[in-house]
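As a plain string of letters, each chain reads:
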Number of protein chains: 2
Amino acid sequence: MAENSPEPLFETVALIGIGLIGSSLARVMRERGLARRIVISTRSSATLRRAQELALGDAFEADAAEAVRGADLVIVSVPVGASGDVAKAIAPGLKPGATLTDVGSTKRSVINQMAPHVPAGVHFIPGHPIAGTEHSGPDAGFATLFDGRWCILTPLPEANAAAVTKLTAFWQACGSKVDVMDPDHHDTVLAITSHLPHIIAYNIVGTADDLATDTKSEVIKFSASGFRDFTRLAASDPVMWRDVCLHNRDAILDMLSRFSEDLTALRRAIRRGEGDTLHDLFTRTRAIRRSIIDAGQDTAAPDFGRLTTPKP
Amino acid sequence: MAENSPEPLFETVALIGIGLIGSSLARVMRERGLARRIVISTRSSATLRRAQELALGDAFEADAAEAVRGADLVIVSVPVGASGDVAKAIAPGLKPGATLTDVGSTKRSVINQMAPHVPAGVHFIPGHPIAGTEHSGPDAGFATLFDGRWCILTPLPEANAAAVTKLTAFWQACGSKVDVMDPDHHDTVLAITSHLPHIIAYNIVGTADDLATDTKSEVIKFSASGFRDFTRLAASDPVMWRDVCLHNRDAILDMLSRFSEDLTALRRAIRRGEGDTLHDLFTRTRAIRRSIIDAGQDTAAPDFGRLTTPKP
């Protein structure tokens, strides 16, 4: 426990799933003394062993129900498609008064999957930290991942206010700013801010991957001209993103329809040589970049301040 | 002149256009002593004044034909749609034996626009440095922009070999690796590596910009979940990119067709809930990211090593 935090927020925290998000939580909790005891469980025995080698927790349990037994806070950090199975598995071990949360990228589906299994007296408060990198697994996590990033909580109408307040304090102690939102609204907003960008990135990299081998090697060689930006998102965890697509389908398909309509109009403007239409679009998109930088959500340094590109 | 370079590669270099690329060339030439004298000309008098304030050259000429008079190397760094007008304007001033090159993102169109104006005895060698940031103008340039980046030359069949060799040495002295390519092949490769990514980025940011105002503010707030990556490319110079779209139309429309077909297939997979199809695509795209990092064309640091995201 860190010396600057004499009383931890929670006595025992159980982490179910120990990938990028789970292992970052383990590290920040340890570093900032947010829990007296951290218990870790994950489905893969190899990953659990790796978490133990990294000393990410105080106890390591193959059995998820055992892991959550006695925990005051249980954080499920698994691909969203596994949420229902995990909830079912841990339900017998959950103690009355415990808080159960998750970090999934879709919220309505997670609620539908988990809520039916949550025992009475357990406070289920779905959540989603807007933080991550393109890397995955327990080695990829780091304690400062959540610093300055938003975490969205989507409590159900009947949620216990004190439990929401305490979970809010927990995420703030992890470095996050916390926002509360309706789950369906979350799914709409994330469809455009996160799901559509990832799907488009996967798609464009797939298009390039289908090119003839000699052209493909040139795509890699000259990727600094724009393409490489997309490959980062397209290197994200495939299981996580498969599940996001399957579990936020309607909002994603709606955003894909808008995107495709706009792209059709843009193609037509290119085909017809409508320079003014192109110039107008390419001008108004600049304003959004400025807003994002002003909001502290990206660096103003050119080229993301890439290490490979020396700065002025 | 830098002390480590007793003899400059060129006596007098004229820069026509002094934006990100032109001003980076001015800075690197000065820093590495690649020219005895740098003459700068650009259409906008405000930009020319700014270049003078920044002391980017030895002489500043409003008249482009005057600027190139006596120059051994002339580098045209303007939006590709202006190439023909610039070639026509400078033609009377070009001296026999001079090398004329450009930095445009499309090559066939630039050749078609410029070649008819090039006087006999002037060596016209089109070029394209694969380097840049999302910033533009004379303040945005920096001397190390070309370090480790490719520069593609697309000499015509009748090109003077000695002039090509000397221009190659110039770009190498600027820090670049040089590749020689057929102009049409260049336009095909850049359509996928650069033009398509920029157009897709502009399009997705435009789609977000069309959302209702309250949703849009949330898009900015939660942009770190993926969206912000696209806003960088979509903040690039609108005139430059309008001209790229107008001047590499056929190759761009071909790549947009491929992209759209693939996206239609991906939408169908999402609609039908075909998890295996999604997982397969999301897995094979990872390999391209690895190849790009292995080729030294991007940083392996998570999140591009963004300054706002502390590293592990």
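Reading the values: rules and limits
- Residues numbered from 1 in each chain as written.
- Chains lettered and ligands numbered in written order.
- Predicted model: local features only at pLDDT ≥ 70, side-chain atom pairs only at ≥ 80, totals over all residues.
- Contact = placed C-beta atoms within 7 Å.
- Helix = DSSP H or I, 4+ residues; strand = E, 2+ residues; numbered from the N terminus.
- Nonpolar A, V, L, I, M, F, W, Y, C, P; charged D, E, K, R; others polar.
- Least-squares fit on C-alpha atoms with pLDDT ≥ 70 in both.
- Domains from an automatic or database assignment.
- Pairing = 2+ DSSP bridges.
- Axes fitted to C-alpha atoms, helices over the stretch in contact; angles between N-to-C directions.
- Buried ≥ 20, exposed ≤ 12 C-beta atoms within 10 Å, placed from the backbone.
- Core = buried A, V, L, I, M, F, W, Y, C linked by C-beta atoms within 7 Å.
- Expected span 1.5 Å × (residues − 1).
- Arc of directions from axis to C-beta.

Chemist: Any chance you could explain the interface of chain A and chain B here in plain terms?
Modeler: Size of an interface, as often reported, equals the accessible area lost when the parts are brought together. Taken together, the contact between chain A and chain B spans 94 residues of the former and 94 residues of the latter. Elements supplying a minimum of two residues to the side of chain A that touches chain B: α7 (183–209), α8 (213–221), α9 (227–233), α10 (238–247), α11 (249–272) and α12 (275–294) of chain A. Top element by residues in the side of chain A that touches chain B is α7 of chain A. It accounts for 18 residues. For the side of chain A that touches chain B, the per-class residue count stands at 48 nonpolar, 25 polar and 21 charged.

Chemist: Whenever I open this one, the relation of the copies chain A and chain B confuses me. Can you help?
Modeler: Superposition of the two copies of the chain requires a rotation about an axis and a shift along the axis. For the match of chain A to chain B, the screw axis carries a shift of 0.0 Å, the RMSD comes to 0.0 Å, and the turn is 180°. Each copy turns onto its partner about a two-fold axis. In this assembly, 100% of the residues forming the interface of chain A have copies in chain B that are likewise at the interface, indicating an isologous arrangement.

Chemist: Can you walk me through the domain arrangement of chain A in this structure?
Modeler: Residue and element names in this part refer to chain A. Taken domain by domain, chain A holds domain 1 (10–181) and domain 2 (185–299). Taking only C-alpha atoms into account, the centre of domain 1 sits 30 Å from that of domain 2. Opposite the 15 residues of domain 1 that make contact, domain 2 presents 18 residues. Taken together, the residues of the side of domain 1 that touches domain 2 break down into 4 nonpolar, 8 polar and 3 charged.

Chemist: Mind showing me how you'd approach the sheet that holds strand β3 (residues 59–60) of chain A here?
Modeler: All names here are of chain A. Taken in spatial order, the 6 strands make up an open sheet running β3-β2-β1-β4-β5-β6, and their pairing is parallel. Looking at strand neighbours, the two that pair on one side only are β3 and β6 (123–124), the edges of this open sheet. With 2 bridges connecting them, strand β5 (residues 99–102) and β6 associate as parallel partners. Note on β6: the bridge partner recorded for T99 is H123. Its contacts with the sheet put helix α1 (residues 20–32) on β1 (10–16), β2 (35–41) and β4 (73–76), and the angle it makes with β2 is roughly 160°. Packed on one face of the sheet, helix α4 (residues 83–90) meets β1, β4 and β5 and runs near 150° to β4.

Chemist: How should the environment of K221 of chain A be read in this particular structure?
Modeler: Looking at the secondary structure, you find K221 of chain A in helix α8. Among the residues examined, K221 of chain A registers 20 C-beta atoms within 10 Å and is labelled buried. Put simply, K221 of chain A and A59 of chain A are 162 residues apart on the chain and 46 Å apart in space, counted from C-alpha to C-alpha. Among all residues touching K221 of chain A, those that are not within four sequence positions of it are W150 and A295 of chain B.

Chemist: Explanation requested: unusual backbone geometry in the structure shown.
Modeler: Negative phi characterises most residues that are not glycine, and trans characterises most peptide bonds. At F304 of chain A, a residue that is not glycine, the phi angle is positive and equals roughly 60°. Tracing the backbone shows F304 of chain A in the segment after α12. You can call F304 of chain A buried: it has 25 C-beta atoms within 10 Å. In the Ramachandran plot, A55 of chain B falls in the positive-phi region, its phi being about 55° despite a non-glycine side chain.

Chemist: Looking at this model, I keep getting lost on the nonpolar core. Mind explaining?
Modeler: Across soluble globular proteins, nonpolar side chains have a tendency to be buried as a group. In terms of nonpolar packing, the biggest core is built from 198 residues, with V74 of chain A together with V74 of chain B touching the most fellow members. Once you skip the residues sitting within four places of it in the chain, V74 of chain B turns out to touch A14, I16, V68, I90, L94, A98 and L100 of chain B.

Chemist: Just checking my understanding: could you explain α12 of chain A for this structure?
Modeler: Given 3.6 residues per helical turn, the α-helix brings residues three or four places apart onto the same face. Its 20 residues place the ends of α12 of chain A 30 Å apart at the C-alpha level, agreeing with the 28 Å of an ideal helix rising 1.5 Å per residue. Of all the residues in α12 of chain A, the buried ones are L278, L281, F282, T285, I288, R289, I292 and I293 of chain A. The buried residues of α12 of chain A occupy an angular sector of 135° when projected down its axis, which confines them to one face. What points out from α12 of chain A, more than 90 degrees from its buried face, is the exposed set D276 and D294 of chain A. Structurally, α12 of chain A contributes buried residues whose contacts are with α11 of chain A together with α7 (183–209), α8 (213–221), α9 (227–233) and α10 (238–247) of chain B. Downstream of α12 of chain A by one or two residues, G296 of chain A has phi in the positive range, about 75°.

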